[in-house]
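# Chain and residue survey
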Amino acid sequence: MNTSVSTRHAWVQEPPSLGNQYTDDTALRDILRTVVPSEDLERFEPDLERFGWRVVTEVKDLGQRAEREPPRLESYDAWGSRIDKVVTSTAWKALHDIAAEEGLIATGYERNFGAASRVYQFTKLYLFASSSGLYSCPLAMTDGAARVLELSRDPHLLKSFARLTSRDPHEFWTSGQWMTEKAGGSDVAGGTETLAKPKEGAADGEYELHGQKWFTSAADGEMSLALARCLDQQGSPIPGTRGLALFYVEMRDSDTGTLNLIKLHRLKNKLGTKQLPTAELSLEGTPARRLSLVGKGVAAIAKMINITRLHNTAAAASAMRRVLALARDYAGRRRAFGKLLIDQPLARGTLAWMEVRTRGCLHILLDAARLLGEAETAPSPRSERASAVLRLLTPVAKLFSAKEAVRVCSEGIEFFGGQGYIEDTGLPGILRDAQVLPIWEGATNVLSLDVQRALLKEPTSLAALLEDLQGRLDHAASRQLACPRLDLAVTGTRAASRELSQWVQQFQHNVSSAHDDGTAVHAWPEEESRSFAFSLARLHIAGLMINHAAVTKDKVDMQAAARWCCKPLVTISSTSADPSLGAWGKSAEDSLLAMGAKPTIDGKHCLRARF
Ligand code: MFK
């Protein structure tokens, strides 16, 4: 009897636990001290500390429940009427209320702390995301929509703006973002088939939408911003980007509560984000209000996606921090080979690597949030400069942090061995939900092209970003910290920055000469854009980490900066061991590598089976 009890006991493992996610996160607390004026931080830090505990108790429990009780679509009522009702759990609804109460959107618009308001808001979003059961997704779109409505200054939409930025759970609305169609995921301009027809007899700006949207996240929101194609004088759709405009749509008729000529066909069955109702829907004459000029729809929705891309960065850093916090706790409990994991060099090294990658993404997130705050509130010309840097940094931060999140979450899950693969530990969901981050809001390749688009449109943005980097390195060098490791990091980052600048200069020369003959876009080596974007991310983070270490003079911060810089920061083809190889995808051989073997054997065509 005793033996069986003790044998059973031996099989029971203590689960990992989480502490206050603000006070435990020393990197976060230190970075905030360097990013936010001390008088502001003093005022909002108690709120962060309180929230750091709420997210690992009430919010985490709700988030986990929202995953266990995923949304479903009720298409018909008992009597056969079509109702298309998205049924969400009470946990999901409670997360809506908490988001409002905590001012997760409102904080960014009340602007009680000037530019630091966005840092405060994004810190809360970072604390919230990994516990929130993906409620971070509707919040991202709500923030993006709020910014578009704010900028539109449309008097008809003031009430909607107030709802999106409300702290009252009964008033608070969330928004969707309807871009993606079957034919247009990344290539929205080419693939948008939804048509916008001016509403007969209605005031200017009132339309009805006809078409289908293939992925609509958080379809339980009250409103959405949608792209649709306008018609020319003859009633034909205007092709390409110049036919698109941005529209405001309310999901339901305010009097009857029924859907506004919208049909929800099904909810998607996804790898992760199970908590989130992602729908396929059709618009069947849906009333809509035009928010942009015809032809400026993409530029208008870009104001939204540039905000959601920062939320994506917050979610990435948050997921990394969460899996690391769990792995760290486990390392202090789990024994193997007669020792705790934390006492074993490889396990320690893995955790240290995860910490450095997480810090890197946290740095770029909070820097971007600071720039967003400055762009929105600082006086001219500081706000214009912040906007220019942010335009470049937003896709860079998004694409880099999303990929890092998948790497770090994968490593974090592995740290738990077999337990990391067991569903009801809650661990696999972290990796599944991280995997959406490189896809959402523009996949890595599309964002790499966006980095180029930003450079082309505002060439000064790169100069400003590199000037900031230089300033940070000069500052660190001037502190004379007698830390050879940091000195080496400074020297290496300077050299890497020079390399990138020289490469871009040759490139900018191509652009300016190409501008004259109107072929600028083709002058950019598209196949280098991804390596370029990653290089820029690594360089920018290197500058932030080095500067931070120079301010705090903390040994751990110095080590983190040195670790970040000890691998090549710039990895464009000219810096590879054999530069003549060029970028991936450029040569005929790369095309063969890409496409694999020839599709025939001895001249016979091979059969193909449907997947
Ligand atoms: C945790 C939270 C995470 C967030 C969750 C959100 C869930 C929602 C899920 C989704 O909805 S995912 C769908 C997201 N879809 C995308 O992100 C689309 C990806 N594709 C792109 O981003 C393409 O690059 C793009 C559609 C923008 C290409 O369109 P075009 O029309 O071929 O671009 P073009 O012609 O270069 O630019 C048109 C205008 O837009 C130009 O301005 P002007 O008309 O004034 O010259 C560009 O400068 C402007 N523009 C484009 N991208 C911009 C931008 N402006 C500022 N920022 C940008 N990023």
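Reading guide: rules and limits
Residues numbered from 1 in each chain as written. Predicted model: local features only at pLDDT ≥ 70, side-chain atom pairs only at ≥ 80, totals over all residues. Heavy atoms only, no water. Helix = DSSP H or I, 4+ residues; strand = E, 2+ residues; numbered from the N terminus. Rg over C-alpha atoms; globule rule 2.2 N^0.38 Å. Buried < 20%, exposed > 50% of the residue type's maximum accessible area, 1.4 Å probe, protein only. Areas by Shrake-Rupley, 256 points an atom, 1.4 Å probe, with all protein chains shown as cover. Lys, Arg positive; Asp, Glu negative; His and termini not counted. Charge placed at Lys NZ, Arg CZ, Asp CG, Glu CD. Domains from an automatic or database assignment. Contact = heavy atoms within 4.5 Å. Salt bridge = Lys/Arg side-chain N within 4 Å of Asp/Glu carboxyl O. Polar contact = N/O pair within 3.5 Å; in protein donor to acceptor, adjacent residues only side chain to side chain. Core = buried A, V, L, I, M, F, W, Y, C linked by side-chain atoms within 4.5 Å. Axes fitted to C-alpha atoms, helices over the stretch in contact; angles between N-to-C directions. Parallel < 35°, antiparallel > 145°, perpendicular 65-115°, else oblique. Nonpolar A, V, L, I, M, F, W, Y, C, P; charged D, E, K, R; others polar. Near = heavy atom within 4 Å. UniProt positions renumbered as here; feature names shortened; annotations may be inferred. Phe/Tyr/Trp six-rings, centres within 6.5 Å; stacked < 30°, edge-to-face > 60°. Lys NZ or Arg CZ within 6 Å of the ring centre and 35° of its normal.

## Considerations on the overall build of the chain
Across its full length, the chain holds 20 helices and 13 strands. A compact globule built from 611 residues should have a C-alpha radius of gyration of about 25 Å, and the chain, at 25 Å, falls within 12% of that. Its C-alpha atoms put the chain at 80 × 75 × 75 Å along the principal axes. Among the 611 residues that make up the chain, the fraction classed as buried is 53%. Looking at the chain as shown, the accessible area adds up to about 29,000 Å², and 54% of this sits on carbon and sulfur atoms. Across the chain, 74 positive and 73 negative side-chain charges occur, with their mean positions spaced 4 Å apart.

## Quick notes on the domain arrangement of the chain
When the parts of a complex come together, some accessible area is lost, and that lost area is often taken as the interface size. Along its sequence, the chain is organised into domain 1 (174-298) and domain 2 (475-593). Summarising the inter-unit geometry, the C-alpha centres of domain 1 and domain 2 are found 40 Å apart.

## Regarding the environment of L393
Structurally, L393 is set in helix α12 (residues 382-415). Expressed as a C-alpha distance, the spacing of L393 and C409, which sit 16 residues apart in the sequence, is 23 Å. Once residues lying within four places of it in the same chain are set aside, the contact partners of L393 are I364, D367, A368, L371, L465 and H540.

## Concerning the pattern of salt bridges
Oppositely charged side chains may form a pair once their charged atoms are brought near each other. Considering all chains together, one arrives at 48 salt bridges under this definition. The closest approach of N and O atoms between E67 and R432, which form a salt bridge, is 3.1 Å. One end of the pair, E67, is in helix α3 (residues 38-68); the other, R432, is in helix α13 (residues 427-434), and 365 residues separate them in sequence. Overall, R432 belongs to the buried group, its relative accessible area being 17%. One network of salt bridges, with partners in common, ties together D47, R50, R54, E58, E101, E102 and K124.

## Quick look at the side chain of Q344
Looking at the secondary structure, you find Q344 in the loop between β11 (339-340) and α11 (345-377). Engagement of the side chain of Q344 in a polar contact is seen with the backbone oxygen of A336, the distance being 2.8 Å. Polar side-chain contacts of Q344 include one of 3.2 Å to the backbone oxygen of K339. Once you skip the residues sitting within four places of it in the chain, Q344 turns out to touch A336, F337 and K339.

## What about the nonpolar core?
Among the nonpolar cores identified, the biggest contains 156 residues, and L225 and F532 are the most heavily contacted of them. In terms of residues, this core owes the most to one element, helix α10 (residues 297-331), which gives 19 residues. When neighbours within four sequence positions are excluded, L225 is seen to be in contact with A145, V148, L149, S175, G176, Q177, W178, L246, F247, Y248, L291 and M304. Counting residues in hydrophobic clusters, the runner-up holds 23 residues, among them I238, F247, L264 and A288.

## Focus: the packing of α11 against helix α19 (residues 555-565)
Interhelical geometry of α11 versus α19 gives an angle of 90° and a closest axis separation of 10 Å. The pairing of α11 with α19 is recorded here as roughly perpendicular in orientation. Mapping the contact onto sequence places V356, R357, R359 and G360 in α11 and V556, D557, A560, R563 and W564 in α19. Of the residues assigned to the contact of α11 with α19, the class counts are four nonpolar, one polar and four charged.

## Observations concerning the site of the ligand
If you check the shell around the ligand, you find 30 residues, and the closest are S186, T241, K296, N306 and R453. At a separation of 3.4 Å, an oxygen atom of the ligand approaches a polar backbone atom of A299. Take R391: an N or O atom from its side chain is 3.1 Å from a nitrogen atom of the ligand. Here the ligand loses 83% of its free accessible area of 1,200 Å² to cover by the protein chains. Broken down by secondary-structure element, the contributors of at least two residues to the shell around the ligand are α7 (136-152), α9 (188-191), α10 and α14 (444-457).

## Comments concerning the UniProt feature "domain: Acyl-CoA dehydrogenase/oxidase C-terminal" (unreviewed entry) in the chain
Using the residue numbers shown here, the UniProt feature "domain: Acyl-CoA dehydrogenase/oxidase C-terminal" (unreviewed entry) corresponds to residues 295-456. Taken end to end, residues 295-456 is 76% helix and 2% strand, and its first and last C-alpha atoms sit 20 Å apart.

## What about the packing of aromatic side chains?
By convention here, two paired aromatic rings are described through the distance between centres and the angle between planes. Throughout the structure, instances matching the rule amount to 12 aromatic pairs. Consider the rings of F44 and Y120, whose centres lie 4.2 Å apart with planes at 5°: the pair is stacked. Of this pair, F44 sits in helix α3 while Y120 sits in helix α6 (residues 116-129), and the two are 76 residues apart along the sequence. Since its relative accessible area comes to 0%, F44 is described here as buried. Each residue in the set F44, F113 and Y120 is aromatic and connected to the rest through ring pairs, giving one cluster. One cation-aromatic arrangement involves K124 over F51; the distance from NZ or CZ to the ring centre is 4.8 Å. Over the aromatic face of W214 sits the side chain of K268, whose NZ or CZ is 3.4 Å from the ring centroid.

## Description of unusual backbone geometry
Peptide bonds are trans in most cases, and residues, glycine excluded, mostly fall at negative phi. A cis amide bond links S380 to the next residue, P381, at an omega of 5°. On the secondary structure map, P381 appears in the loop between α11 and α12. Phi is positive for L134, close to 70°, though the residue is something other than glycine. Along the polypeptide, L134 turns up in the loop between α6 and α7. Here L134 falls in the buried class, since its relative accessible area comes to 9%. Even without a glycine there, the phi angle at L261 is positive, about 55°.

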